[in-house]
Amino acid sequence: MGLTSKTTGETQIITVHADRIDAAMAIQFKEDMRANTEDSAHRVVLDLSDVEFIDSSGLGAIVASMKQLGKDRRLDLAGLQPVVEKVFRLTRMDTVFRLFETLDDALSGTDA
């Protein structure tokens, strides 16, 4: 699993370079997110465009990453593949996270 990070204006964009976030990589994902967001912007957008599968451990890792940001910072999600988006909607996590169809939509503020 690999994550890359860049900052655009007041938004940090973290891109996941893996086709799945599951139990086998959830712990590493949380550690990588913590390292990448320690001193980050007020808003973090997680680009999930490459992720084709997520299980409950992966979902938990993303929720944990949001919680470690604290109350003053926000984690938004962009580029969810249909299967991944379905997991967020079925678990009602779409009420917790703002979901954006594309990274460009997330940067412009256009909800999915």
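This text follows the structure it describes.
Each value, and the rule that gives it
- Residues numbered from 1 in each chain as written.
- Predicted model: local features only at pLDDT ≥ 70, side-chain atom pairs only at ≥ 80, totals over all residues.
- Heavy atoms only, no water.
- Pairing = 2+ DSSP bridges.
- Helix = DSSP H or I, 4+ residues; strand = E, 2+ residues; numbered from the N terminus.
- Contact = heavy atoms within 4.5 Å.
- Axes fitted to C-alpha atoms, helices over the stretch in contact; angles between N-to-C directions.
- Salt bridge = Lys/Arg side-chain N within 4 Å of Asp/Glu carboxyl O.
- Buried < 20%, exposed > 50% of the residue type's maximum accessible area, 1.4 Å probe, protein only.

J.: What is the right way to look at the pairing of strand 1 (residues 3-8) in this model?
T.: Each regular strand carries side chains that alternate between the two faces of the sheet. Relative to strand 2 (residues 11-16), strand 1 runs antiparallel, the two sharing six bridges. Each residue of the ladder has a partner; that of Leu3, found in strand 2, is Val16. The turn linking strand 1 back onto strand 2 is made up of two residues, and Gly9 within it adopts a positive phi angle of 60 degrees.

J.: Would you mind showing me how to read unusual backbone geometry here?
T.: Of note in this structure, Arg92 is not a glycine but carries a positive phi near 65 degrees. On the secondary structure map, Arg92 appears in the loop between helix 3 (82-90) and strand 7 (99-100).

J.: How do you make sense of the sheet that holds strand 7 when you look at a structure like this?
T.: Strands pair in a sheet through their backbones, by hydrogen bonds, and they do so in one of two ways: parallel or antiparallel. Taken in spatial order, the five strands of this open sheet run 1-2-4-6-7, and their pairing is mixed. Every other strand in the sheet has two partners, leaving strand 1 and strand 7 as the edge strands with one partner each. Sheet strands touched by helix 2 (residues 56-69): strand 4 (43-47) and strand 6 (74-78). Its angle to strand 6, the strand with the most contacts, is close to 145 degrees.

J.: Sorry, what's going on with the pattern of salt bridges here?
T.: Side chains that differ in sign of charge can pair as their charged atoms come close. Taken as a whole and assessed by the stated rule, the structure comprises five salt bridges. For Arg20, the salt bridge identified is with Asp22, shortest N-O distance 2.7 Å. Classification of Asp22 as buried rests on a relative accessible area of 12%. Of the charged contacts, one joins Glu85 and Arg89 as a salt bridge, the two residues approaching to 2.7 Å between their closest N and O atoms. Of this pair, Glu85 and Arg89 both sit in helix 3, four residues apart, which is roughly one turn of the helix. Residue classification places Arg89 among the partly exposed positions, given a relative accessible area of 36%.

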